[in-house]
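Observations on the model geometry
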Amino acid sequence: MAEKNATLTLPTGEVIDLPVLKGSYGPDVIDVSGLLNAGYFTYDPGFMSTAATESKITFIDGNQGVLLHRGYSIEELAEHSDFLETCFLLWYGFLPAKQEKIEFVSNITRHTMVHESLAHFFDGFHHNAHPMAMMCGAVGALSAFYHDVMDIRSERDREIAAHRLVAKMPTLAAMCYKHSLGQPFMYPRNDLSYAANFLYMMFGTPCEEYRISKAVESAMDKIFLLHADHEQNASTSTVRLAGSTGANPFACISSGIAALWGPAHGGANEAVLVMLEEIGSVENIPMFIDKAKDPDDPFKLMGFGHRVYKNFDPRAKVIKASCDAVLAELGVTDPRLAVAMELERIALSDPYFADRKLFPNVDFYSGIILSAIGIPTSMFTVIFAVARTIGWMSHWDEMSSESYKIGRPRQLYTGEPPRSYKL
Ligand code: CMC
């Protein structure tokens, strides 16, 4: 893989050759692993310039706004594929033939129920517990049901674990919501699509028939698809790091859910709606823009900016179109929407945001759609977690199928030098 070398001159004058690795697409990567022999580590807070692993799953070019899953652009997948087909693609590396897709969908559909004992776990949560807190607990608890029965070195066992998780996540997510309402849990329905079944478990009750609008079902599926994977982001890296210890995959996914929860990552879609409510009306926007620009104010415009995309977020482009369509179809008039649209207009024309390449990201629009569908704000990040499960599992599987080392970063120590204990 290394066709050329970079050289590094150390303060001692020693010159070290560092292989430059060539990927199949995108920038070259300097292999610094040999530095350890010379007694040095690299320092890169936030992993801004560090490739933590080699991967064949997802490619991002942040400057060009490109996102590819297994080589296919997110725009093409959003137009021609659906969520479960994208799951198949991420996991197996190729698009399914017709029969393969039927079998995959049937497999996922037949794993949607959770063990009845799991329902009792929810009794331990207060009714107003945050659903992400319940998800961390419930998904981690799955490891208690599937621990001794799985060998992570077995390809087939890893595949079954992925099928189980992708299938059970919507069930657990809906259980979190139902618990907060005090309504009975709804068993999954195998005659419905993945998205429709989720909406049914969320909004259906045993008392009356629940009708699912096609527009809402399709918007839900698109939100799942657009969030399915995103390279080595914070939660995926967390899953890989936890997985590198050989831990149970359900526990690893629980750690990914915890990492996703933060407002700088998956929690941003929830934070967007909270921010829109706080802004309240269009007249207040300039004041909040000033706060966002003030270096002494910690306030940031939620749903703006991205660590990797420094031009535009391709998912945001797709979802913006979907957002417009859903709102038109549902005829929703939400005062927060007027604030969102004006905020988007002002921020995009303000030099502060233009100079820093800050533009609305996927979460800016997904929060608005979810809100129009009637999903409560606190469930937004849970829905992100449902969608991202296939990405987490695909990365965990990629790592587990090869020989790997435990993830163990080093540090630049700036504490006390050795000192004596004085009596
Ligand atoms: N509002 C105002 N200023 C901002 C914002 C924002 N949303 N984001 C970044 N900046 C400023 C930041 O203060 C800094 O300014 P300066 O150069 O004057 O110090 C500059 O832009 C560069 O920002 P950074 O914090 O160094 O960028 P980062 O790559 O470390 O952070 C981010 C990326 C996504 C954490 C950040 O943009 C942010 O907190 N955005 C709001 C939260 C959000 O929407 N997150 C969802 C990301 S998309 C979903 C996902 O993939 O998880």
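Located above this text is the structure these notes cover.
One structure accompanies this document, and this report is about it. Everything numeric here is computed off the predicted structure, so don't read it as measured data.

1. Side note on the nonpolar core
One finds Phe224, Ile257, Leu301 and Leu343 to be the most contacted residues of the largest nonpolar core, which totals 114 residues. Apart from residues no more than four positions distant in its own chain, Phe224 is found in contact with Phe83, Tyr194, Ala195, Phe198, Ile383, Val386 and Ala387.

2. Regarding the environment of Val32
As for its position among the elements, Val32 is in the loop between strand E3 (29–30) and strand E4 (58–61). Considered as a pair, Val32 and Pro45 are 13 residues apart in the sequence and their alpha carbons are 16 Å apart.

3. A short note on helix H12 (residues 285–293)
Along H12, the residues classified as buried are Ile285, Phe288, Ile289 and Ala292. For H12, the angular spread of the buried residues around the axis is 105°, confining them to a single face. Exposed residues on H12 whose side chains face more than 90 degrees from its buried face are Met287 and Asp290. Here the buried face of H12 lies against helix H11 (268–279), helix H14 (335–349) and helix H15 (351–355).

4. Points about helix H9 (residues 234–243)
Those residues of H9 that fall on the buried side of the exposure criterion are Ser235, Thr236, Val239, Arg240 and Gly243. The buried side chains of H9 occupy one side of the element, clustering within an arc of 140° when seen end-on. For H9, the secondary structure elements touched by its buried residues are helix H10 (249–260) and helix H17 (380–400).

5. A word on the site of the ligand
Taken together, 20 residues are adjacent to the ligand, and His265, Leu301, Gly303, Phe304 and Arg307 come closest. Contacts to the ligand include Asn361, whose side-chain N or O atom sits 3.0 Å from an oxygen atom. Burial of the ligand by the protein amounts to 74% of the accessible area it has alone, namely 950 Å². Of the residues assigned to the shell around the ligand, the class counts are nine nonpolar, six polar and five charged.

6. Quick notes on the sheet that holds strand E5 (residues 66–69)
Read from one edge to the other, the open sheet built from three strands follows the order E4-E5-E6, with strand pairing classed as antiparallel. The two strands at the open ends of the sheet, each matched to only one other strand, are E4 and strand E6 (72–73). Here E4 runs beside E5; their pairing, made up of four bridges, is antiparallel. Bridge pairing in E5 links Thr58 to His69.

7. Brief notes about the packing of aromatic side chains
Given two aromatic rings, their pairing is described by the distance between the two centres and the angle made by the two planes. Scanning the entire structure with this criterion turns up 21 aromatic pairs. Centre to centre, the rings of Phe122 and Phe185 are 5.5 Å apart; their planes meet at 65°, and the pair counts as edge-to-face. Here Phe185 lies in the loop between helix H6 (155–181) and helix H7 (194–203) and Phe122 lies in the loop between helix H4 (116–121) and helix H5 (131–145), a separation of 63 residues in the sequence. Taken together through their ring pairs, the aromatic side chains of Phe304, Tyr352, Phe353, Phe364 and Tyr365 make up a single cluster. The ring of Tyr200 carries Arg189 above its face, with NZ or CZ at 5.0 Å from the centroid. Directly above the aromatic system of Phe312 lies the positively charged group of Lys317, at a separation of 4.5 Å from the ring centroid.

8. Quick notes on unusual backbone geometry
We note that Phe47 has phi near 50°; this positive angle belongs to a residue other than glycine. Relative to the elements of secondary structure, Phe47 occurs in the loop between E3 and E4. Phe47 sits in the exposed class, given a relative accessible area of 57%. A positive phi angle, close to 55°, is found at Lys357, a residue other than glycine. Here Lys357 lies in the loop between H15 and helix H16 (362–373).

9. Considerations on the packing of helix H8 (residues 214–226) against H17
Put simply, H8 and H17 touch, their axes get as near as 7 Å, and they point 65° apart. In the crossing of H8 with H17, the sense of the turn from one axis to the other is right-handed. For the pair H8 and H17, contact is made by Met220, Ile223 and Phe224 and by Ile383, Val386 and Ala387, respectively.

10. Observations concerning the packing of H6 against H7
Contact geometry for H6 and H7: axes closest at 8 Å, N-to-C directions at 20°. By the criterion of interaxial angle, the relationship of H6 to H7 is roughly parallel. Viewed along their axes, H6 and H7 form a crossing whose handedness is right-handed. Two secondary-structure elements touch here, H6 through Val166, Pro170, Thr171, Ala173, Ala174, Tyr177 and Lys178 and H7 through Tyr194, Phe198, Met201, Met202 and Phe203. Looking at the contact of H6 with H7 residue by residue, the classes come out as 10 nonpolar, one polar and one charged.

About the criteria used
- Residues numbered from 1 in each chain as written.
- Predicted model: local features only at pLDDT ≥ 70, side-chain atom pairs only at ≥ 80, totals over all residues.
- Heavy atoms only, no water.
- Core = buried A, V, L, I, M, F, W, Y, C linked by side-chain atoms within 4.5 Å.
- Buried < 20%, exposed > 50% of the residue type's maximum accessible area, 1.4 Å probe, protein only.
- Contact = heavy atoms within 4.5 Å.
- Helix = DSSP H or I, 4+ residues; strand = E, 2+ residues; numbered from the N terminus.
- Arc of directions from axis to C-beta.
- Near = heavy atom within 4 Å.
- Polar contact = N/O pair within 3.5 Å; in protein donor to acceptor, adjacent residues only side chain to side chain.
- Areas by Shrake-Rupley, 256 points an atom, 1.4 Å probe, with all protein chains shown as cover.
- Nonpolar A, V, L, I, M, F, W, Y, C, P; charged D, E, K, R; others polar.
- Pairing = 2+ DSSP bridges.
- Phe/Tyr/Trp six-rings, centres within 6.5 Å; stacked < 30°, edge-to-face > 60°.
- Lys NZ or Arg CZ within 6 Å of the ring centre and 35° of its normal.
- Axes fitted to C-alpha atoms, helices over the stretch in contact; angles between N-to-C directions.
- Left-handed = near helix turned anticlockwise from the far one by under 90°.
- Parallel < 35°, antiparallel > 145°, perpendicular 65-115°, else oblique.

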